[in-house]
Amino acid sequence: MKILLVQAWLGKGKDLLVYPLGLAYLATVLEKAGHEVRMVDPNALSNPLEDTARVVRKFSPHAVGISFRNLDNQLRIDPVYYYKAFQQTIETIRQSCGNAPIIVGGPAFSMAPQTIMERNPSIDFGLFLEAEESLPELLDNLAGPTLPAGVYHRDQKGTVRFSGERELPDFAALPMPRRHFLDPGPYLKNSIESLGIQTRRGCPLSCAYCVYPRLNGRHWRLRPPEHVVEEIEHLQSTWNVRRITFADSVVNLPYDHSTRLFTLIREKGRDLEWMGYMHVSGITEDYLQLCLQSGCTSLIFSPDALSPEALRGLRKNITPEDIGKLRRMVDKNPAFRRLRVEWTFFLNPPGETFHGMLETLWFYIRTKIFFKRRNRNCFINWIRLEPCSSVYQRALHEGVVEPHTDLLPEDPAGLAKTFYSAPNLS
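If you're wondering where the values come from, they're calculated on a predicted model, not measured in any experiment. Residue numbers run consecutively from 1 along every chain, following the written order of its sequence. The predicted origin of the model limits local features to residues at a pLDDT of at least 70 and limits the giving and counting of side-chain atom pairs to 80 or more, whereas totals for whole chains, interfaces and linings rest on all residues. For side-chain calculations, the full set of non-hydrogen atoms in the structure is used, while hydrogens and water are omitted.

A. Geometry of the environment of Leu10. Relative to the elements of secondary structure, Leu10 occurs in the loop between strand S1 (2–7) and helix H1 (21–32). Residue class for Leu10 comes out buried when judged on its relative accessible area of 16%. The spacing of Leu10 and Pro42 is 32 residues in sequence and 8.4 Å in space, taken between C-alpha atoms. For helices the rule is a DSSP run of H or I covering at least 4 residues; for strands it is a run of E covering at least 2, with both sets numbered from the N terminus onward. Classification of residues uses two cut-offs on accessible area relative to the type maximum, computed with a 1.4 Å probe and protein chains only: under 20% is buried, over 50% is exposed, and between them is partly exposed.

B. Broad picture of the packing of helix H2 (residues 48–59) against helix H3 (residues 82–96). Contact geometry of H2 with H3 gives a least axis separation of 9 Å together with a crossing angle of 35°. Considering only the axes of H2 and H3, their crossing is right-handed. Residues Leu49, Thr52, Ala53, Val56 and Arg57 of H2 lie in contact with H3, whose contacting residues are Gln88, Thr89, Thr92, Ile93 and Ser96. As a working rule, the residues Ala, Val, Leu, Ile, Met, Phe, Trp, Tyr, Cys and Pro are called nonpolar, Asp, Glu, Lys and Arg charged, and the rest polar, with Gly in that last group. Each residue belonging to the contact of H2 with H3 can be placed in one class, and the counts come to four nonpolar, five polar and one charged. For helices, the axis comes from a line fit to the C-alpha atoms of the stretch in contact; other axes are also lines fit to C-alpha atoms, and the angle between any two N-to-C directions lies between 0 and 180 degrees. It is the rotation of the near helix from the far one that decides the hand of a crossing: anticlockwise by less than a right angle makes it left-handed, clockwise makes it right-handed. Contacts are assigned to residue pairs with any non-hydrogen atoms lying within 4.5 Å of each other.

C. The pairing of strand S13 (residues 296–304), seen in detail. Counted residue by residue, S13 has eight buried out of nine residues, so it is predominantly covered. Looking down the strands as they point away from the viewer, one classifies a crossover as right-handed if the path from the first strand across the helix to the second runs clockwise. Crossover connection from strand S12 (residues 273–278) via helix H11 (residues 285–293) to parallel S13: handedness right-handed.

D. Broad picture of the nonpolar core. In terms of nonpolar packing, the biggest core is built from 79 residues, with Leu5, Phe246, Phe262, Trp274, Met278 and Trp343 touching the most fellow members. Excluding residues within four positions of it along the chain, Trp274 makes contact with Ile192, Ile244, Phe246, Val251, Phe262, Cys291, Ser294, Gly295, Cys296, Thr297, Ser298 and Leu299. The nonpolar core is taken to be a set of buried Ala, Val, Leu, Ile, Met, Phe, Trp, Tyr and Cys residues, with the residues joined through side-chain atoms within 4.5 Å.

E. Region of interest: the pattern of salt bridges. Salt bridge, as applied in this entry: a Lys or Arg side-chain nitrogen positioned within 4 Å of an Asp or Glu carboxyl oxygen. Summed over the entire model, instances satisfying the criterion amount to 23 salt bridges. Salt-bridge contacts for Arg260 lead to Glu226; the nearest nitrogen and oxygen are separated by 3.5 Å. Highlighted residues: Arg260 in helix H10 (residues 255–268) and Glu226 in helix H9 (residues 225–239), separated in sequence by 34 residues. By relative accessible area, which is 43% here, Glu226 ends up partly exposed. Close ionic contact of Glu233 with Lys268 constitutes a salt bridge, the shortest N to O distance being 3.7 Å.

F. Looking closely at the sheet that holds S13. Two strands are said to pair when DSSP picks up at least two bridges between them. One open sheet holds the six strands; their spatial order is S8-S11-S12-S13-S14-S15, and the pairing between them is parallel. Each of the sheet's edge strands pairs with one partner strand only, and the pair in question is strand S8 (196–197) and strand S15 (376–381). Bridge count between strand S11 (residues 243–246) and S12: four bridges; the pairing is parallel. The partner of Ile244 across the bridge, within S12, is Trp274.

G. Spotlight on a nonpolar patch on the surface. Any residue with relative accessible area above 30% and no salt bridge may belong to a patch, with like charges joined within 9 Å and the nonpolar Val, Leu, Ile, Met, Phe, Trp and Tyr side chains within 5 Å. The protein chains shown are the only cover counted for residues, whose accessible areas, like all others here, come from Shrake-Rupley with a 1.4 Å probe. A surface patch of nonpolar side chains, about 710 Å² in accessible area, is lined by Phe354, Leu358, Leu361, Trp362, Ile365, Ile369 and Phe370. Along the chain, the position of Phe370 falls in helix H14 (residues 354–370).

H. Molecular detail of empty space enclosed by the protein. Here a cavity denotes grid points, spaced 1 Å and computed from the protein atoms alone, that fit a 1.4 Å probe unable to get out, and a pocket denotes an open set having protein on both sides within 12 Å along at least 5 of 7 lines; residues with an atom within 4 Å of a point are the lining. Grid points are joined across faces, edges and corners, and a volume is the space filled by probe spheres set on the points. Under the counting rule described, the total for this entry stands at four cavities of 30 Å³ or more. In this structure, the largest cavity occupies an estimated 60 Å³ of space. Around the largest cavity, the lining residues are Gln7, Ala8, Trp9, Leu10, Asn43, Ser67, Phe68, Arg69, Asn70 and Tyr82. Its residues assigned to classes, the lining of the largest cavity comprises five nonpolar, four polar and one charged. In this structure, the second largest cavity spans a volume of roughly 50 Å³. Lining of the second largest cavity is provided by Phe128, Leu129, Glu130, Gly150, Glu165, Arg166, Glu167, Leu168 and Pro169. Taken together, the residues of the lining of the second largest cavity break down into four nonpolar, one polar and four charged.

Right, here's the structure in full:
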């Protein structure tokens, strides 16, 4: 079959151009199964929707898969609502693909699959969670009497049904994602964040706002470090890639796995620059030295709060002392001054105190004004409530949101009601 995979358009904002890594995994397994696969990213095209429609008509696929990665940019100030652009993507493809079924998946879809299916009748099938196994099975059974597990579909009356949950794929056994389906060139001209590599899926952490455990499982599914290095070498030899992002929720945990990976990269002597998110706890000077020696140029830490009350409310399992120790380590050791370090915090998270809020604001101002020249930066935002997060249940209990509050509003103005702020500080 001829399968077209599309990354959903993000709209007319100035968001970072990111290579569709999830689609690259799907394209690789589909090609291995014998399908003819093509990928398109409207965000990399001059006229996103018009050019995408032209690709659809020219390729004439037997089925179209659309990846919906994020509901919005999660900013309370200057929000961008990707869901509306996603709907435009669907309708553009529906008008161009004839009777070919439209199959939707991706993290954003999996956060509200029933709602998205019901509100968008042009979608024929929805794939819940990771689709490297369910998509090939669905394509083999489009006309069959039964569907594989993990699929949302419509019955003869148009009612949305779910075929049942399935186990997540064995991540270590998946083939290396190939990039020849979509030219990486335009992405390599952008930020280091544009081209990602995954070293693991799943997360056993319990951060109150985070949906990763629901989307990718509550246990680490680790990829052998040798496979990761093989992918890096392939990208370098084929596409001359020199800068990557480790697209993991946190790249440093578990420490034995990341230490093996960074040691391998260092031993290979690869000409590489990389960045990634890291968990605050357990980082030592020796570990940071290894990161530098393996090519690390930028790290993002997400302590999210500074007061012990807010850290408990966020279920971060770290202390203010952990954060202070790490901050002193990266700021005072001359060896780490060339390392770009970013900190992210929430304003008024669960359990926050007035003193904690002032501490957070002072950290932000201090970093922005006094440490900007030292390659340090800080970002602050409110928590975007998402339906499968524990902070959403807390928000309901505290009356921050009402049970009828739509977390996927049709009107973008409704996004203003989907952010958390501790009621005692609101």
